[in-house]
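So the chains spell out like this:
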Amino acid sequence: MRVCSLFCGIGGIDVAFEQASHNVVWANDSNRYACMTYRYNFPSTYLVESDIRDVDKHSIPDFDVLVAGFPCQPFSVCGKQKGFSDERGNLFFEIVKTIDAKQPTVVFLENVANLTEHDNGKTFNVIFSELAGRGYYVRYIVADACNYGIPQHRTRTYIMAFKSKNACDAYSFPEKIPITRRIADVIDFSIKAEERFYYREGTAKYHQLCEAIVDEKQLYRFSDWGIQAGKDGIAFTLKANMGTYPNRVPIIKDHYGIRNITPMECLALHGFPKTFAFPDTVPEREQYKQAGNTVCVEIIKRCASIEGSPTPNIEQA
């Protein structure tokens, strides 16, 4: 299926859909650093670096599946939860305008877990009604990535909407699977990182970490309540504030010392392929921010395993 990706960021959803044998033909994002990373990894995809509100939706090439990880801050429990009264929250309606213009066969949306609970469910009711009112049949799930084989707690809302009722009836979200990988299976503790990632011996933070790290196979980080430790070899949710506050980057004790995990290791904890990389033009703080803003690839890849041939796009029929 041909995929159009809105709010594509660095392309986590796009990686997943391409791994599921779909073809991303058009993408859009307004963040210049995210676009740098996207172009570096998707050289064949047509990327429009622009505010989606400035894009003529009818000018987008034909596609079958619309995917969008639309801005989550207005709905997140970590934010102010202004929802649709937040300018970023209203960007959802740009998705609606794209649907009206292009009539995709399938719509896939990803957002925070709190999307279904925000404003006592009213926000989600609006989203559901906007899709259903356009003739789409909707399924959704709130799922934690660690229940799908990924060693990270990352609970998100996933929405699948189909033009065909038969396709919706035939579709099911992936089943939970036992987790077999842990942090130590994803991050190689025997490889020495670059020196700048390590905490210097003798500093106050190094001393704090030495006292806090009692299990060298867990992830740690500084929080408002002290040093937070992971459990069972599963990472806590990687957040975008890693790029704003360096002390919020997760920490490990490897064979050479105590250090922050690298941006590439953040991607590994999301299940990105090793071939995915950050270009040198993207500052490290932005790499961390991008890693905190992206998605867990494996669960979306399994969501993207849509069987059968697509119903013809209305504009093509």
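Provided above is the structure to which this section pertains.
To keep things clear, this report deals only with the structure shown in the data block. From a predicted model like this one, the values you see are computed outputs, not experimental measurements.

**Topic: the sheet that holds strand β7 (residues 155-162)**
Ordered in space as β3-β2-β1-β4-β5-β7-β6, the 7 strands form an open sheet in which the pairing is mixed. The open sheet has two free edges, formed respectively by β3 (46-49) and β6 (137-144), since each of these has just one partner strand. With strand direction ignored, the average angle separating the axes of adjacent strands in the sheet is 15 degrees. Bridge count for β6 against β7 is 8 bridges, and the pairing is antiparallel. Pairing of Val138 across the sheet is with Ala161, part of β7. Strands in contact with helix α2 (residues 32-41) are β2 (23-29) and β3; relative to β3, the strand with the most contacts, it is inclined by about 170 degrees. Across the sheet, helix α3 (residues 92-102) touches β1 (2-6), β4 (65-68) and β5 (106-112), and the angle it forms with β4 is around 170 degrees.

**Examining unusual backbone geometry**
A positive phi angle is found at Phe7, which is not glycine, with a value near 50 degrees. As for its placement among the helices and strands, Phe7 is situated in the loop between β1 and α1 (12-19). Look at Phe7 and you get buried, because its relative accessible area is 14%. Of note, the phi angle at Asp232 is positive, near 60 degrees, even though the residue is not glycine. On the secondary structure map, Asp232 appears in the loop between β9 (226-229) and β10 (251-254).

**A short note on the nonpolar core**
Phe17, Phe108, Ile299 and Ile300 are the most contacted members of the largest nonpolar core, which totals 60 residues. Residues in contact with Ile300, not counting those within four places in the same chain, are Ile13, Ala16, Phe17, Phe108, Tyr158 and Val295. If you look at the next biggest cluster of nonpolar residues, it comprises 26 residues, including Cys4, Ile60, Ala68 and Tyr136.

**Considering the pairing of β10**
Pairing of β10 with strand β11 (residues 257-260) involves 4 bridges; the strand directions are antiparallel. Across the sheet, the residue bridging to Asp254 is Gly257, located in β11. Once β10 ends, the chain turns through 2 residues before running back antiparallel as β11.

**Examining the environment of Ile299**
Mapped onto the elements, Ile299 comes out in helix α10 (residues 297-303). The exposure class of Ile299 is buried, given its relative accessible area of 2%. Counting along the chain gives 123 residues from Ile299 to Lys176, while the straight-line C-alpha distance between them is 9.6 Å. Leaving out residues up to four positions away in the same chain, Ile299 has contacts with Ala143, Tyr148, Ile150, Tyr158 and Pro174.

**Notes on the packing of aromatic side chains**
With the rule as written, the count across this model stands at 11 aromatic pairs. For the ring pair Phe70 and Phe92, a centre distance of 5.7 Å and an interplane angle of 50 degrees mean the geometry is tilted. In this pair, Phe70 is assigned in the loop between β4 and α3 and Phe92 in helix α3, connecting sequence segments 22 residues apart. Phe92 carries the same exposure label as Phe70, and that label is buried. Pairing Tyr171 with Phe173 gives two aromatic rings, centres 5.3 Å apart and planes at 80 degrees, and the pair type is edge-to-face. The same class applies to Tyr171 and to Phe173, which are both buried. Grouping aromatic residues by their ring pairs yields a cluster made of Tyr38, Phe42, Phe272 and Phe276. When the ring centre of Tyr33 is taken as reference, the NZ or CZ atom of Arg32 above it lies at 4.4 Å. Positioned above the aromatic ring of Phe222 is the side chain of Lys205, whose terminal nitrogen or guanidinium carbon lies 5.5 Å from the ring centre.

The rules behind the values
- Residues numbered from 1 in each chain as written.
- Predicted model: local features only at pLDDT ≥ 70, side-chain atom pairs only at ≥ 80, totals over all residues.
- Heavy atoms only, no water.
- Pairing = 2+ DSSP bridges.
- Helix = DSSP H or I, 4+ residues; strand = E, 2+ residues; numbered from the N terminus.
- Axes fitted to C-alpha atoms, helices over the stretch in contact; angles between N-to-C directions.
- Contact = heavy atoms within 4.5 Å.
- Buried < 20%, exposed > 50% of the residue type's maximum accessible area, 1.4 Å probe, protein only.
- Core = buried A, V, L, I, M, F, W, Y, C linked by side-chain atoms within 4.5 Å.
- Phe/Tyr/Trp six-rings, centres within 6.5 Å; stacked < 30°, edge-to-face > 60°.
- Lys NZ or Arg CZ within 6 Å of the ring centre and 35° of its normal.

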